[in-house]
Amino acid sequence: QVLLVESGGGLVQAGGSLRLSCAASGLTFSSYGMGWFRQAPGKEREFVAVISGSGGSTYYAASVKGRFTMSRDNAKNTVYLQMNGLKPEDTAVYYCAASSRIADRTTRGAYDYWGQGTQVTVSS
């Protein structure tokens, strides 16, 4: 079975940094584009970033562009999200997801598998 497990969340002050990890198993990892989404209480889950299967291209939501960097290590079946310059509005549960489709990967419907999420809290 496919399993995605996020880690690295925590509590940081505004302006600080965190690096999230997502370890995947049960799939041919390099065949999947990988995305990060986040969901704050009372809000819809929103797109954050996506990376192609090879790691050759990335795309970011405007709200995080220039602050967050997505990467992957296919030898370790792991994807990362480096978050710098964190803001209180970044507070959310962060989810990683895997997509087998060549489609618009900024939408939740493009993804086949999801992790359980990891909490990121940014204080003022």
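All values reported here derive from a predicted model rather than from experimental measurement.

Undergrad: I would appreciate a short explanation of the overall build of the chain in the present structure.
TA: Along the backbone of the chain there are zero helices and eleven strands. Each helix (α) and strand (β) of the chain, taken in turn from the N terminus, gives the series β-β-β-β-β-β-β-β-β-β-β. Computed over the C-alpha atoms, the radius of gyration of the chain is 13 Å, within 12% of the 14 Å expected from 2.2 N^0.38 for a compact globule of 124 residues. Each principal axis of the C-alpha distribution contributes one length, and for the chain these read about 40 × 25 × 25 Å. Buried positions account for 43% of the 124 residues belonging to the chain. Taking as baseline every contact in the chain between residues at least 6 positions apart, the subset at least 24 positions apart corresponds to 57%. The centroid of the 12 positive side-chain charges in the chain is displaced by 3 Å from the centroid of its 8 negative side-chain charges.

Undergrad: I keep staring at the pairing of strand β1 (residues 3–7) and nothing clicks. Help me out?
TA: The two faces of a sheet get side chains in turn, since along a regular strand they alternate between them. Side-chain alternation along β1 places Leu4 and Glu6 on a buried face and Leu3, Val5 and Ser7 on a face that remains uncovered. In the sheet, β1 pairs with strand β3 (residues 18–25) via five bridges, with the strands oriented antiparallel. Counterpart to Val5 in the pairing with β3 is Ala23.

Undergrad: Help me understand the state of the cysteines, please; the structure alone is not making it clear to me.
TA: As used here, a disulfide is simply a covalent bond connecting the sulfur atoms of two cysteines. Tallied over the entire structure, the rule returns one disulfide. The residue that forms a disulfide with Cys22 is Cys96, at a sulfur-sulfur distance of 1.9 Å. Sign of the S-S torsion, about 45° for the bond between Cys22 and Cys96, identifies this disulfide as right-handed. In this pair, Cys22 sits in strand β3 while Cys96 sits in strand β9 (residues 92–99), placing the two residues 74 residues apart along the sequence. Each member of the pair, Cys22 together with Cys96, is buried.

Undergrad: Before we go on, may I ask you to explain the packing of aromatic side chains in this structure?
TA: Aromatic rings considered in pairs are described by the distance between their centres and by the relative angle of their planes. Per the stated rule, a full pass over the model turns up six aromatic pairs. Consider the rings of Tyr32 and Tyr113, whose centres lie 6.2 Å apart with planes at 55°: the pair is tilted. Of this pair, Tyr32 sits in the loop between β3 and β4 (33–39) while Tyr113 sits in strand β10 (residues 113–114), and the two are 81 residues apart along the sequence. Here Tyr113 falls in the partly exposed class, since its relative accessible area comes to 32%.

Undergrad: It is not clear to me how the side chain of Ser99 should be interpreted in this structure. Could you clarify?
TA: Summarising the element assignment, Ser99 is placed in strand β9. Its relative accessible area of 0% is what places Ser99 among the buried residues. Within the structure, the side chain of Ser99 is placed 3.3 Å from the backbone nitrogen of Arg101, a separation counted as a polar contact. Side-chain polar atoms of Ser99 contact the side chain of Arg105, separated by 3.3 Å.

Undergrad: Got a minute to help me understand unusual backbone geometry in this structure?
TA: Even without being a glycine, Asn77 presents a positive backbone phi close to 50°. If you trace the backbone, Asn77 turns up in the loop between β7 (68–73) and β8 (78–83).

Conventions we followed
- Residues numbered from 1 in each chain as written.
- Predicted model: local features only at pLDDT ≥ 70, side-chain atom pairs only at ≥ 80, totals over all residues.
- Heavy atoms only, no water.
- Helix = DSSP H or I, 4+ residues; strand = E, 2+ residues; numbered from the N terminus.
- Rg over C-alpha atoms; globule rule 2.2 N^0.38 Å.
- Buried < 20%, exposed > 50% of the residue type's maximum accessible area, 1.4 Å probe, protein only.
- Contact = heavy atoms within 4.5 Å.
- Lys, Arg positive; Asp, Glu negative; His and termini not counted.
- Charge placed at Lys NZ, Arg CZ, Asp CG, Glu CD.
- Pairing = 2+ DSSP bridges.
- Disulfide = S-S within 2.5 Å.
- Phe/Tyr/Trp six-rings, centres within 6.5 Å; stacked < 30°, edge-to-face > 60°.
- Polar contact = N/O pair within 3.5 Å; in protein donor to acceptor, adjacent residues only side chain to side chain.

So, to be careful, I would describe these as geometric facts and stop short of saying anything about function.
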